[in-house]
Amino acid sequence: MSRSVSSVSSSRSGSFFAKLMAILSVALTVVLVDSVSAEAEAANSKYAGIVVDAKTGNVLYSENADRLQYPASLTKMMTIYMTFEALEQGRIRLDTPVPFSAHAAAQAPTKLGVRAGGTITVEQGILGLVTLSANDAATALGEMLGGGSEDRFAQLMTAKAHALGMTRTTYRNANGLPNTAQMTTARDQARLGIALRQHFPQYYGYFSTRAFKFGTRTIRSHNRLVGSVRGVDGIKTGYTRAAGFNLVSSVQVDGKSIVGVVLGGASTPARDAQMRNLIATYLPKASSRGGSSALIAEAAPAPAMIVTPAPVMPQKVQPQVAKTITAAQPPISAAAADLSLPHKGPLPDARYQVAETEVAYTETAQPKSDNPLVAQPMPAPTKVKTMTFKQQASL
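Residues numbered from 1 in each chain as written. Predicted model: local features only at pLDDT ≥ 70, side-chain atom pairs only at ≥ 80, totals over all residues. Heavy atoms only, no water.

Trainee: Now, about the packing of aromatic side chains: what can you tell me, with residues and values included?
Mentor: What the rule picks out here adds up to eight aromatic pairs. With centroids separated by 5.1 Å and ring planes inclined at 40°, the aromatic side chains of Y204 and F207 adopt a geometry described as tilted. Here Y204 and F207 have matching classes, each one buried. Three or more aromatic residues joined by ring pairs form one cluster here, namely Y81, F84, F200, Y203, Y204 and F207. (Phe/Tyr/Trp six-rings, centres within 6.5 Å; stacked < 30°, edge-to-face > 60°. Buried < 20%, exposed > 50% of the residue type's maximum accessible area, 1.4 Å probe, protein only.)

Trainee: Requested: an account of the nonpolar core, with residues and values cited.
Mentor: Core analysis: the biggest nonpolar cluster contains 63 residues, and M78, F84, L112, L192 and L196 have the highest contact counts within it. Mapped by element, the contributors of at least two residues to this core are β1 (48-53), α2 (75-88), α4 (122-132), α5 (135-145), α6 (150-163), α7 (186-199), β5 (211-214) and β9 (256-265). L225, V226, I258 and L278 belong to the second-largest nonpolar core, a separate cluster that totals 19 residues. (Core = buried A, V, L, I, M, F, W, Y, C linked by side-chain atoms within 4.5 Å. Helix = DSSP H or I, 4+ residues; strand = E, 2+ residues; numbered from the N terminus.)

Trainee: Describe the pattern of salt bridges, naming the residues involved and giving the relevant values.
Mentor: For the coordinates displayed, the defined rule picks out seven salt bridges. R187 serves as the salt-bridge partner of D66, at 2.7 Å between the closest nitrogen and oxygen. Taken as a pair, D66 in the loop between β2 (59-63) and α2 and R187 in helix α7 lie far apart in primary sequence, 121 residues in all. Under the relative-accessibility criterion, D66 is labelled partly exposed at 28%. Linking R271 and D272 is a salt bridge whose minimum nitrogen-to-oxygen distance equals 3.1 Å. (Salt bridge = Lys/Arg side-chain N within 4 Å of Asp/Glu carboxyl O.)

Trainee: Requested: an account of empty space enclosed by the protein, with residues and values cited.
Mentor: One water molecule sets the probe size; rolling that probe over the atoms shows where empty space is left. Using the criterion set out here, one finds two cavities of 30 Å³ or more in the structure. Volume-wise, the largest cavity comes out at about 70 Å³. Surrounding the largest cavity, eleven residues form its lining, Y70, G176, P178, N179 and T240 being those nearest its centre. Of the residues contributing to the lining of the largest cavity, the split by class is seven nonpolar, four polar and no charged. As a volume, the second largest cavity reaches approximately 40 Å³. With three residues, the top contributor of residues to the lining of the second largest cavity is strand β7 (residues 232-240). For the lining of the second largest cavity, the residue count by class is three nonpolar, five polar and one charged. (1 Å grid on protein atoms, 1.4 Å probe; cavity = no way out; pocket = protein on both sides within 12 Å on 5 of 7 lines; lining within 4 Å. Points joined across faces, edges and corners; volume = space filled by probe spheres on them. Nonpolar A, V, L, I, M, F, W, Y, C, P; charged D, E, K, R; others polar.)

Trainee: So what's going on with the side chain of K236? Which residues, and what values?
Mentor: Within the secondary structure layout, K236 lies in strand β7. Despite being buried, K236 has no salt bridge partner; D272 is the closest side chain of opposite charge, sitting 12 Å away. Here S133 takes part through its side chain, which lies 2.9 Å from a polar atom of the side chain of K236. (Lys, Arg positive; Asp, Glu negative; His and termini not counted. Polar contact = N/O pair within 3.5 Å; in protein donor to acceptor, adjacent residues only side chain to side chain.)

Trainee: Would you mind going over unusual backbone geometry in detail, with residue names and values included?
Mentor: A cis amide bond links P109 to the next residue, T110, at an omega of 5°. Secondary-structure assignment places T110 in the loop between α3 (102-105) and β4 (119-121). Phi at N64 takes a positive value of approximately 55°, unusual for a residue other than glycine. For N64, the location among the structural elements is in the loop between β2 and α2. Phi is positive for D254, which is not a glycine, with a value near 55°. The residue D254 is located in the loop between β8 (244-253) and β9 in this model.

Trainee: With reference to specific residues and values, describe the environment of T185.
Mentor: By the element assignment, T185 lies in the loop between α6 and α7. T185 gets classed as buried once you look at its relative accessible area, which sits at 0%. Measuring from C-alpha to C-alpha, the distance between T185 and R168 comes to 6.7 Å, with 17 residues separating the pair along the chain. The residues touching T185, leaving out its near neighbours within four places in the chain, are A65, D66, R67, L68, R168, T169 and L263. There is a polar contact of 3.0 Å between the side chain of T185 and the backbone nitrogen of D188. (Contact = heavy atoms within 4.5 Å.)

Trainee: Describe the side chain of D188, and please don't skip the residues or the numbers.
Mentor: Structurally, D188 is set in helix α7. Among the residues examined, D188 registers a relative accessible area of 3% and is labelled buried. Engagement of the side chain of D188 in a polar contact is seen with the backbone nitrogen of R168, the distance being 3.1 Å. With residues up to four places along the chain from it excluded, the contact list for D188 reads G165, M166, T167, R168 and T169.

Bear in mind that shape data such as this cannot, by itself, settle questions of function.
Have a look at this one:
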């Protein structure tokens, strides 16, 4: 009898040990994959990054933060900024129809696929940008807000960027498809990420959308950190061949708030691993005191799934004539534009070492604050000679 009990006990111990080793092996593999992906960024000449304490404006980390680079679909952050501004000013509503011209419908993927002459709502346009990074919807919104001209809208985008202190950023289209004159920096994108939270807390929750229903389609977000890294509530991914893999992330957890930017990533896994490492390393160093009400405001998270009406398809192939929205843009106030960031941040000794802090799931935040925008003169847009690449996917 004692031999039987001993045998069973030994068998159970062996089984438990085997399961424990299997779990440890999987965990070690995940850590090694993240480490290898992050180390790949170290040898990537396109790489630039910055982490900013969103409560104080202090730069916690920077590398090549002021080098000019291609924004790719991070461009859509400014398109969304301009859309939020028009909503707040009452020039458009969430249910305002957005007409698709032949030019908008012809944009390269990724896209919603609305035909020329069709329409979507402003809300569907916003959701299409934050999840699918839809190039056609970005162009359609740009044309509507630019008085029928995407070129005019790009001038307004550049002027707004400069008013926000994004002095090294130039826009030439609404979606981020390749253009040699469309440039930005990691520091400028961090400033824009902070501005979106601070100026439009009532709309910022759209950036945490993980999926939405568009007609019969369920469109899921490209942003893999939302819902998988604790505290991440957006903001935007981007990719073109020339730009590499870009990402701006906002994090709010345990009374701390940071905005991180990674430009020129070598791949989606490498980019995401680098952002995870930056969050794990620098979030603990962020301030939990002061500045939250003045610099940044918390936004209500979006529901897991947003259902929207089916898009309106055209009756004819020819584009319909639609009423356009005035391009007049009351500029931003000096107070709202005061998002100055220091020009230096530390370079860590072990830049890609994975911190022991565990990341899990996002936390909910509560809405508060009103937008402080007040009109004042807007700077004239910068004129830059452009040369357009052959279009390719912009994510």
